[in-house]
Amino acid sequence: MNLPATDRRVLISGASRGLGRTLARAFATNGDRVAVHFGSREEDARATLASLDGEGHVLVGGDLSDPAGAADVAGRAVTALGGIDVLVNNAAVNLPHPLADTSYEDWAALWQQHVSVNLLATANLSHLAARDMIDRGTGGRIVNIGSRGAFRGEPDHPAYGATKAAVHALGQSLAVSLAPYGIAVASVAPGFFETERVAHRLSGDEGAAIRAQSPFGRAGTAEEIAAAVLWLASPVAEWASGTVLDLNGASHLRT
Ligand SMILES: NC(=O)c1ccc[n+]([C@@H]2O[C@H](COP(=O)([O-])OP(=O)(O)OC[C@H]3O[C@@H](n4cnc5c(N)ncnc54)[C@H](OP(=O)(O)O)[C@@H]3O)[C@@H](O)[C@H]2O)c1
């Protein structure tokens, strides 16, 4: 199939800040056109948009936690860009809910929220983007942002770890079912990397312990994660379809 190396239409969920913003910049600098999606942080998303190299980028806001919201976001991205060649499923929530300290009511609500955003929005956007790619017959790429927590455990964030494991499994199933259409699907499984969301943890008391998780003695950077995603979305990465790529500075070695 004829997926180009540049000038692709790229939808990045959750690009108001953090990794999503860094991903938007990486694709724009590569020469692609980006739909910068945001949930609630419109001002931050506008700052992301304003910082992008090149032209033709668009802003697409919307809550992804229900199927209608995901359909609205994908539909507006398709209309504004003329299609989707690359989908990056980056939007996620990660809220603490250690079982021993969490009421049943809160536990059930937080599980629902994690499943809705982390897993179901990923599945729904994947369907919507892949159907656009199939209908146009051009092939494409889907890259999911998973997590090391799927393998290492998340004692204070169990729904986060479980939904990220499900995202990896979803990506592997879709890699098989979408290959006949020239669509490659891969996931990255990052360890701790620095973004606004986790900056307070890195600068606080647990910062040293987090850095010590890696033998490099540091957390990762969003740029390191974005470089891998850009490669997985490239034409030469078709053969990496189905992979779950560890990006954790040797802090957790899977066997
Ligand atoms: N940072 C780390 O150490 C780390 C490690 C492993 C994996 N990850 C993964 O990397 C990705 C980015 O993380 P980050 O640290 O950059 O987090 P972040 O700054 O919190 O970004 C999350 C994004 O998801 C969007 N979002 C959340 N709920 C949404 C909803 N209901 N509807 C629409 N959008 C929603 C947010 O949009 P708004 O802000 O506009 O509402 C935000 O743009 C996530 O998938 C995360 O799980 C992060």
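Calculation criteria
Residues numbered from 1 in each chain as written. Predicted model: local features only at pLDDT ≥ 70, side-chain atom pairs only at ≥ 80, totals over all residues. Heavy atoms only, no water. Helix = DSSP H or I, 4+ residues; strand = E, 2+ residues; numbered from the N terminus. Rg over C-alpha atoms; globule rule 2.2 N^0.38 Å. Buried < 20%, exposed > 50% of the residue type's maximum accessible area, 1.4 Å probe, protein only. Areas by Shrake-Rupley, 256 points an atom, 1.4 Å probe, with all protein chains shown as cover. Near = heavy atom within 4 Å. Polar contact = N/O pair within 3.5 Å; in protein donor to acceptor, adjacent residues only side chain to side chain. Nonpolar A, V, L, I, M, F, W, Y, C, P; charged D, E, K, R; others polar. Expected span 1.5 Å × (residues − 1). Bend = angle between axes of the 7 residues up to and from the residue. pLDDT = per-residue confidence, 0-100. Contact = heavy atoms within 4.5 Å. Arc of directions from axis to C-beta. Pairing = 2+ DSSP bridges. Axes fitted to C-alpha atoms, helices over the stretch in contact; angles between N-to-C directions. Core = buried A, V, L, I, M, F, W, Y, C linked by side-chain atoms within 4.5 Å. Parallel < 35°, antiparallel > 145°, perpendicular 65-115°, else oblique. Left-handed = near helix turned anticlockwise from the far one by under 90°. Right-handed = clockwise from strand over helix to strand, strands pointing away.

Looking at the overall build of the protein chain
Part 1 of the reasoning: Helix and strand counts for the protein chain come out as nine helices and nine strands.
Part 2 of the reasoning: Over its C-alpha atoms the protein chain spans a radius of gyration of 17 Å, differing by no more than 12% from the 18 Å that the globule rule assigns to 255 residues.
Part 3 of the reasoning: With respect to the principal axes defined by its C-alpha atoms, the protein chain has extents near 50 × 40 × 35 Å.
Part 4 of the reasoning: Across the 255 residues that make up the protein chain, the buried fraction comes to 49%.
Part 5 of the reasoning: Looking at the protein chain as shown, the accessible area adds up to about 11,400 Å², and 54% of this sits on carbon and sulfur atoms.

Notes on the site of the ligand
Part 1 of the reasoning: Looking at the ligand, there are 30 residues lining it, with Ser-40, Arg-41, Asn-90, Tyr-160 and Thr-195 nearest.
Part 2 of the reasoning: Between the ligand and Leu-19, the relevant distance is 2.9 Å, taken from an oxygen atom to a main-chain nitrogen or oxygen of the residue.
Part 3 of the reasoning: In the model, an oxygen atom of the ligand is placed 2.5 Å from a nitrogen or oxygen of the Arg-41 side chain.
Part 4 of the reasoning: At the level of secondary structure, the elements contributing two or more residues to the shell around the ligand comprise helix H1 (18-30), strand S2 (33-38) and helix H6 (158-178).
Part 5 of the reasoning: Considering only residue class, the shell around the ligand consists of 13 nonpolar, twelve polar and five charged.

Some points on helix H4 (residues 104-136)
Part 1 of the reasoning: Between its first and last C-alpha atoms H4 spans 47 Å; for 33 residues at 1.5 Å apiece the expected length is 48 Å, and the two agree.
Part 2 of the reasoning: Approximately 40 degrees is the largest bend angle found in H4, and it occurs at Leu-120.
Part 3 of the reasoning: Of the residues trailing H4, Gly-137 is marked for its positive phi of about 70 degrees.

With respect to the confidence of the model for the protein chain
Part 1 of the reasoning: Summing up the model confidence of the protein chain, the mean pLDDT is 97 and the portion of residues at 70 or higher is 100%.
Part 2 of the reasoning: Across the protein chain, element-level confidence peaks in strand S5 (residues 140-145) with a mean pLDDT of 99 and bottoms out in helix H7 (residues 196-203) with 94.

Some points on the environment of Asn-248
Part 1 of the reasoning: Structurally, the position occupied by Asn-248 is in the segment after strand S9 (244-247).
Part 2 of the reasoning: Distance from Asn-248 to Gly-61, taken between C-alpha atoms, is 30 Å for residues 187 residues apart in sequence.
Part 3 of the reasoning: Each residue touching Asn-248, except ones within four places of it in the same chain, is listed here: Arg-148, Gly-191 and Ser-214.

Some words on the side chain of Thr-22
Part 1 of the reasoning: Among the secondary structure elements, Thr-22 is positioned in helix H1.
Part 2 of the reasoning: With a relative accessible area of 14%, Thr-22 lands in the buried category.
Part 3 of the reasoning: Those residues in contact with Thr-22 that sit more than four places away from it in its chain are Ala-222, Glu-223 and Ala-226.

As for helix H3 (residues 67-81)
Part 1 of the reasoning: Its 15 residues place the ends of H3 21 Å apart at the C-alpha level, agreeing with the 21 Å of an ideal helix rising 1.5 Å per residue.
Part 2 of the reasoning: Those residues of H3 lying buried are Gly-69, Ala-70, Val-73, Ala-74, Ala-77 and Leu-81. Seen end-on, H3 carries its buried residues on one side only, within an arc spanning 125 degrees. Residues of H3 that are exposed and angled more than 90 degrees away from the buried face: Pro-67, Ala-68 and Thr-79.

Section: the sheet that holds strand S4 (residues 86-89)
Part 1 of the reasoning: Reading across from one edge, S3-S2-S1-S4-S5-S6-S9 is the order of the seven strands in this open sheet, with parallel pairing throughout. The open sheet has two edge strands, strand S3 (58-61) and S9, and neither has a second partner. The average angle at which neighbouring strand axes cross in this sheet is 20 degrees, direction not considered.
Part 2 of the reasoning: H3 rests against strand S1 (9-12), S2 and S3 of the sheet, and its axis sits at about 165 degrees to S3.

Let's talk about the nonpolar core
Part 1 of the reasoning: Counting 27 residues, the largest nonpolar core has Ile-12, Leu-23, Phe-27, Val-34, Val-88 and Val-229 as the members making the most contacts within it.
Part 2 of the reasoning: Among the secondary structure elements, those contributing two or more residues to this core are S1, H1, S2, S4, S5, strand S6 (183-190) and helix H9 (222-232).
Part 3 of the reasoning: Those residues in contact with Val-34 that lie beyond four places of it in its chain are Val-10, Ile-12, Ala-24, Phe-27, Ala-28, Leu-52, His-57, Val-58 and Leu-81.
Part 4 of the reasoning: Among the nonpolar cores identified, the runner-up in size contains 25 residues, and Val-60, Ala-74, Leu-81 and Leu-87 belong to it.

Here we look at the packing of H1 against H9
Part 1 of the reasoning: Two numbers describe how H1 lies on H9: the axes approach to 9 Å, and their chain directions differ by 50 degrees. Considered as vectors, H1 and H9 are oriented oblique to each other. With respect to the hand of their crossing, H1 and H9 are arranged in right-handed fashion. In this structure, H1 uses Leu-19, Thr-22, Leu-23, Ala-26, Phe-27 and Asn-30 to contact H9, whose residues at the interface are Ala-222, Glu-223, Ile-225, Ala-226, Val-229 and Leu-230.

A word on the pairing of S3
Part 1 of the reasoning: Strand direction decides the pairing type here: S2 and S3, joined by four bridges, are parallel. In the strand pairing of S3, Phe-38 is matched with Gly-61.
Part 2 of the reasoning: Remark: the S2/helix H2 (residues 42-50)/S3 crossover connection has right-handed handedness.

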